[in-house]
Amino acid sequence: GALFSYQFQGNEMLSQAPLPQFWRAPVDNDFGCGMHRRTRHLRNTNEKTELHKFHIESVPGKKIIVERTTYLPSIECVFDWTYTITTDGSVKMDCFFFVPPGNTLVKELPRVGLYLKIPKIYDQVEWLGAGPHENYVDRKEAAHIGLYKSTVQEQYYPYISPQENGNKEEIRYVNLYDSKGNGLRINSDSLFSFSALPYSPEALTQERRGSKHTIDLKEEEHTSLCLNYKQMGVGGVNSWGEFPLNHYRIMPQSFAFSFTFVGIK
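Keep in mind that what you see is a predicted model, and the values were worked out from it rather than measured.

Draft legend 1. How the structure looks around the environment of Lys149. Secondary-structure assignment places Lys149 in strand E10 (residues 144-151). Overall, the relative accessible area of 61% leaves Lys149 in the exposed class. The spatial distance from the C-alpha of Lys149 to the C-alpha of Ile56 is 38 Å, given a sequence separation of 93 residues. Beyond its immediate chain neighbours, meaning those up to four positions away, Lys149 contacts Val125, Glu126, Trp127 and Tyr177.

In structure tokens, the structure reads:
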């Protein structure tokens, strides 16, 4: 019932179906304030899921609507998807993440969004949003809104200690495409953030600060694309206990967001 394939003019755009994502590779400040311990239940939410609902509706000549509800037992939450596939080839994913009242497993959310893998041939990145360097909700004043181009390889900043990396805020759309200009455009009903890296969030995750170095990383076979409805701030009041400021944190509630995929040439 998941979106395992999206082809445009015979070219496959997905290496892996989009998955809910709530974890991020801890930054140094996250280790300092214990975020990696408070949110540990969010790291592997997709390893075991339960399909609670699946429904397909067709509107001939116009669109197909697929509805599915998945239960995430590791955090006792529900994630609803509605895929709307229209005749122009676009796929809109409306997502709803429900944290039940009284849930004690979700204490805070590093991010709310989707994670997917893209074939490595689409190694060029163009985005309309904040840039050109990485930026976060509490670190973006020097990042100006514009149209930027880069490569997936250039998106990674080689911190000695691997961590969350390469985010771009206030995104209107992002394109990933190959040397011929074929690829995928992602946009949303609201501003979002993204990162497109040759390493997955799991590869950038350390068990403890200083346990891994960038030199230890091995480039992966696919591009890791993180599409964030929200990502918490990286903090910086200090690195030994202070949280990010409260208005840059994501506390448990329910979230509704959407992303639309469109093939480009």
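The discussion continues.
Draft legend 2. Representation of unusual backbone geometry within the structure. Following Gly131, the chain continues into Pro132 via a peptide bond in cis, with omega recorded as 0°. By secondary structure assignment, the location of Pro132 is in the loop between strand E9 (124-131) and E10. A positive phi angle is found at Glu76, which is not glycine, with a value near 55°. Of note, Glu76 is situated in the loop between strand E5 (63-72) and strand E6 (77-86). Residue classification places Glu76 among the partly exposed positions, given a relative accessible area of 43%.

Draft legend 3. Molecular detail of the nonpolar core. Of all hydrophobic cores here, the largest spans 47 residues; its most connected members are Phe97, Phe194 and Phe261. When residues of this core are assigned to their parent elements, the largest contribution, five residues, is made by strand E12 (residues 183-197). Of all hydrophobic cores here, the second largest spans seven residues; its members include Ala25, Tyr156, Leu197 and Tyr199.

Rules behind the numbers
Residues numbered from 1 in each chain as written. Predicted model: local features only at pLDDT ≥ 70, side-chain atom pairs only at ≥ 80, totals over all residues. Heavy atoms only, no water. Helix = DSSP H or I, 4+ residues; strand = E, 2+ residues; numbered from the N terminus. Buried < 20%, exposed > 50% of the residue type's maximum accessible area, 1.4 Å probe, protein only. Contact = heavy atoms within 4.5 Å. Core = buried A, V, L, I, M, F, W, Y, C linked by side-chain atoms within 4.5 Å.

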